Amino acid sequence: MAMLHIVNKSPFERVAFDSCLAHAQAGDAILMIEDAVVGAVDGSRFAGKLKAAMADKTVYVLGSDLAARGLEGKAMEGVAVVDYAGFVDLTANNERTQSWL
Amino acid sequence: MAMLHIVNKSPFERVAFDSCLAHAQAGDAILMIEDAVVGAVDGSRFAGKLKAAMADKTVYVLGSDLAARGLEGKAMEGVAVVDYAGFVDLTANNERTQSWL
Amino acid sequence: MTTKNFLFVNRKAPYGTVYALESLEVVLISAAFEQNVSLAFIDDGVYQITKGQNSKGIGMKNFSPTYRALGDYDINKLYVSTESLEERGLTVDDLMELTYEDADDDYAEKPSIILVNREEMAAMMAGQDVVLSF
Amino acid sequence: MTTKNFLFVNRKAPYGTVYALESLEVVLISAAFEQNVSLAFIDDGVYQITKGQNSKGIGMKNFSPTYRALGDYDINKLYVSTESLEERGLTVDDLMELTYEDADDDYAEKPSIILVNREEMAAMMAGQDVVLSF
Amino acid sequence: MKYTILINEGPYQHQAADSAIQFVRAALEKGHEIFRVFFYHDGVNNGTRLTVPPADDRQIQKAWTELAEKHGLDLVICIAAAQRRGIMDADEAKRQGLDANNIAPGFRISGLGQLVEGGIQSDRLIVFGD
Amino acid sequence: MKYTILINEGPYQHQAADSAIQFVRAALEKGHEIFRVFFYHDGVNNGTRLTVPPADDRQIQKAWTELAEKHGLDLVICIAAAQRRGIMDADEAKRQGLDANNIAPGFRISGLGQLVEGGIQSDRLIVFGD
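Below: a short report on this structure. Since the model is a prediction, treat every value here as computed from it, not as a measurement.

Moving on to the arrangement of the chains. When the 14 pairs of chains in contact are ranked by number of contacts, first place goes to chains E and F. As for chain D relative to chain C, no contact occurs, and the smallest C-alpha gap between them is 17 Å.

This part covers the interface of chain B and chain A. Taken together, the contacts link four residues of chain B with four residues of chain A. Three residues stand out in chain B for area buried against chain A, namely Glu13(B), Arg14(B) and Val15(B), and they jointly supply 83% of the buried area on that side. On inspection of chain B and its partner chain A, the count reaches zero salt bridges. At the junction of chain B with chain A, the criterion picks out two residue pairs in polar contact (both at pLDDT 80 or more). Of the residues in the side of chain B that touches chain A, the class split is two nonpolar, no polar and two charged.

Let us now look at the interface of chain E and chain F. Each partner contributes to the interface: chain E provides 28 residues, whereas chain F provides 28 residues. With both chains or domains summed, chain E and chain F bury close to 2,300 Å², and 48% of this area falls on carbon and sulfur atoms. At the junction of chain E and chain F, the tally comes to four salt bridges. Linking Asp99(F) and Arg49(E) is a salt bridge whose minimum nitrogen-to-oxygen distance equals 3.0 Å. Run the count over chain E and chain F and you get 14 residue pairs in polar contact (both at pLDDT 80 or more). Along the lines of polarity and charge, the residues of the side of chain E that touches chain F split into nine nonpolar, 11 polar and eight charged.

Placing chain E over chain F gives an RMSD of 0.0 Å and needs a rotation angle of 180 degrees, together with 0.0 Å of translation along the axis. Here the transformation between the copies is reduced to the relation of a two-fold axis. Measuring from the rotation axis to each C-alpha of chain E, the shortest distance belongs to Ala100(E), at 3.1 Å. Interface overlap between copies: 100% of the residues of chain E at the interface are likewise at the interface in chain F, consistent with a symmetric, same-surface contact.

The next point concerns the environment of Ala82(F). Residue and element names in this part refer to chain F. Position of alanine 82 relative to the elements: it lies in helix H3 (residues 79–85). The exposure class of alanine 82 is buried, given its relative accessible area of 1%. Linking alanine 82 and leucine 28, residues 54 residues apart in sequence, is a C-alpha distance of 27 Å. Not counting the four nearest positions on each side in its chain, alanine 82 is found in contact with Val44, Ile77 and Ile87.

The rules behind these values
- Residues numbered from 1 in each chain as written.
- Chains lettered and ligands numbered in written order.
- Predicted model: local features only at pLDDT ≥ 70, side-chain atom pairs only at ≥ 80, totals over all residues.
- Heavy atoms only, no water.
- Contact = heavy atoms within 4.5 Å.
- Buried area = accessible area lost by both parts, 1.4 Å probe.
- Salt bridge = Lys/Arg side-chain N within 4 Å of Asp/Glu carboxyl O.
- Polar contact = N/O pair within 3.5 Å; in protein donor to acceptor, adjacent residues only side chain to side chain.
- Nonpolar A, V, L, I, M, F, W, Y, C, P; charged D, E, K, R; others polar.
- Least-squares fit on C-alpha atoms with pLDDT ≥ 70 in both.
- Helix = DSSP H or I, 4+ residues; strand = E, 2+ residues; numbered from the N terminus.
- Buried < 20%, exposed > 50% of the residue type's maximum accessible area, 1.4 Å probe, protein only.

Structure follows, in structure tokens:
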């Protein structure tokens, strides 16, 4: 019954990512794409919130978007890096998706 | 030497308004238009920040945008309501403008 | 035709962008397809249903009366986030009174707005099949 | 032609939206008009000048090398917000080394990036004639 | 698995169309079916044939047209959104008394019902936007 | 006072064009001069004549064209941004080998230098965007 939450906005610029975390349930998956990937880096003001979410949710980041922004290899521990094929798998393996635009 | 800061984004959705307040100087003017007008209402999580800014800056809100969002008459004390003509006057009476997009 | 649970998530203020208006057009169409439709108003989305909207001054059409018509299309589950209202200094009294006539209860007029906190909103979302956001 | 102080305020991350790329095109043109050009990198704008950008995977052109070329156009005042870096877990070591050759100092290579805090950024802004944001 | 894709933004200004193209290619490669791609809001601007991006930039409209030709994708532009933004096919231009049209090959203009139908008929509806 | 106006977003999706039109009207009424209106990024989409908005909606492109006709406004569309988005005048369409154009009356296509010149020549440059 899990939901895949797709986030594409920087948590430093918009409230969408916070809102996603506030509404995601235990067992859900969260995927960062586009500008949202900046949220995956450790040591930021946002990192603590993401770590708290990882207690009962799985968190993914799109590697191509991370690399584009010069952040390759900088995703914090516990965040799984996926490619577009992995993105597709996540949408198939979770029963529904929600994009936090 | 004053600057008119034009803000058009909700302070609850984006960081632009916060960033404007962090960079505006004493004697500057701040004008809320479009979705930013929701920041003018009292009793919100943002109201305290705006009040603090009003200590040494003048704050305006575009009445038409306030009315469109059902907030006519709800701007907090000390925020001056202007029309488009007043908007033009503000750009003319301040030496420069900056839009916080 | 299959009936699915459709959720429309409204997180943006009206007029500053077109999403609220054009989202409403999809909501109405989905009713015509006899789907089980819910709406969520979260974050700035709560401004979409404030009362007293007057858009004359910005030269746009006030489309808020359309929300009042939703009840006639059997769309009567409008979930509103209490935390989003509070953060904005708003209460339910600042919102339009949105109602529907309950065909199963002698057409009694009932409120369409359902105030929910984050946990309840999240639980409602978990029961959806198709989640649309704009 | 009159010379004015032009400031380009960059507050958005690259690639997710086009603003960073198209803003850079205006910056280059303004240099051709021999204006006194400064750039500010605030909030997510700091990601525009991170080093090691590789956009192959998203199918877009990596335009970050253009920032390296700015020095050749006498654009050498790139103000970067220290608070914005810190909030994002970044340091100046995560940014490209952007430099220019100082014609007044025997073409010595000097850094174009000027780290400033909020007060210094605000003071710099107050000295501008034209502020462009995208 | 059967997918419908919704795209809310135009090309270039936002990454939405780029991400969607990459997603669609990856899904097709995995053997999934793309039931429909629906263009709404400014997303309708993906379907104009009058774009001439720089040679070293991505060619977004052409990428869609190629996907449509190669995989028989159903690329649907919302008529109401298209009228607001100025995306016209030959019939619609004629009906509106306009002297030109700009729709790209592989796209068709239709109603919002096509989006809802996509949501009903597909296993997943994935939204790309701002 | 002399103004240049910069518009970064297309019509309808964002309020930017609406606000700009209201601002320009109010400025003209007060006797100010509008040196130029420059359309950049998706702002170029303000200049297509192929839009047919609902009758009860605002007619943004027509409002610009009327302002241009009535007040001699200089409405300039950035050529590079226009090529990415598919806004073409007759000359440019011919040069690019395209079979149609869509520019609206009162608009002209030119380079980014026109924006910088606007900033230099005007007392104020006001930006409307997202």
